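Residues per chain, in single letters:
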Amino acid sequence: MTGKEKKNHIPTFKTIEEEAAFWDTHSSEEFADELTTVEDVRFVKAHAKKALTVRFDEDTFEELTREAREKGIGPSTLARMVILEHLHARKRAS
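Rules used in this analysis
Residues numbered from 1 in each chain as written. Predicted model: local features only at pLDDT ≥ 70, side-chain atom pairs only at ≥ 80, totals over all residues. Heavy atoms only, no water. Helix = DSSP H or I, 4+ residues; strand = E, 2+ residues; numbered from the N terminus. Buried < 20%, exposed > 50% of the residue type's maximum accessible area, 1.4 Å probe, protein only. Polar contact = N/O pair within 3.5 Å; in protein donor to acceptor, adjacent residues only side chain to side chain. Axes fitted to C-alpha atoms, helices over the stretch in contact; angles between N-to-C directions. Parallel < 35°, antiparallel > 145°, perpendicular 65-115°, else oblique. Contact = heavy atoms within 4.5 Å. Nonpolar A, V, L, I, M, F, W, Y, C, P; charged D, E, K, R; others polar. 1 Å grid on protein atoms, 1.4 Å probe; cavity = no way out; pocket = protein on both sides within 12 Å on 5 of 7 lines; lining within 4 Å. Points joined across faces, edges and corners; volume = space filled by probe spheres on them.

Undergrad: Just checking my understanding: could you explain the side chain of Thr-65 for this structure?
TA: Structurally, the position occupied by Thr-65 is in helix α2 (residues 58–71). What makes Thr-65 buried here is its relative accessible area of 14%. Only 2.8 Å separates the side chain of Thr-65 from the backbone oxygen of Phe-61, close enough to count as a polar contact.

Undergrad: What should I look at first to understand the packing of α2 against helix α3 (residues 75–93) in this one?
TA: For any two helices packed against each other, the geometry comes down to the angle between their axes and how far apart the axes lie. Contact geometry of α2 with α3 gives a least axis separation of 8 Å together with a crossing angle of 95 degrees. One element, α2, and the other, α3, form an angle in the roughly perpendicular class. In this structure, α2 uses Leu-64, Thr-65, Glu-67, Ala-68 and Lys-71 to contact α3, whose residues at the interface are Pro-75, Leu-78 and Ala-79. Its residues assigned to classes, the contact of α2 with α3 comprises five nonpolar, one polar and two charged.

Undergrad: Honestly, the layout of surface pockets in this entry has me stumped. Any pointers?
TA: By rolling a water-sized probe across the atoms, one finds the places where empty space is left. In this structure, the largest pocket spans a volume of roughly 480 Å³. Every residue lining the largest pocket is counted, 15 residues in all, and those nearest its centre are Leu-52, Ser-76, Ala-79, Arg-80 and Ile-83. Only α2 and α3 provide two or more residues apiece to the lining of the largest pocket. Looking at side-chain class alone, the lining of the largest pocket contains 11 nonpolar, two polar and two charged residues.

These figures come from the coordinates and say nothing about function on their own.
This is the structure in structure tokens:
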């Protein structure tokens, strides 16, 4: 690498949307020297203990699904995030 070449670094992201937009236009190969190999990965279920069925009309469900897709998550994850944000806001307000 010559003195004029700029070395790329993985930036710090403020939102998941910002990170998704970055990775849509960059390859992880550009940052291979910053990555480490992970030998043993285990996925653990979230701490959620209860499930709740929420019914939506077709338009609301499609809107929720579309927004979730834009964020790179599933509609149930987005619904859970919105509910938790609402509950936390109420708790802070009281």
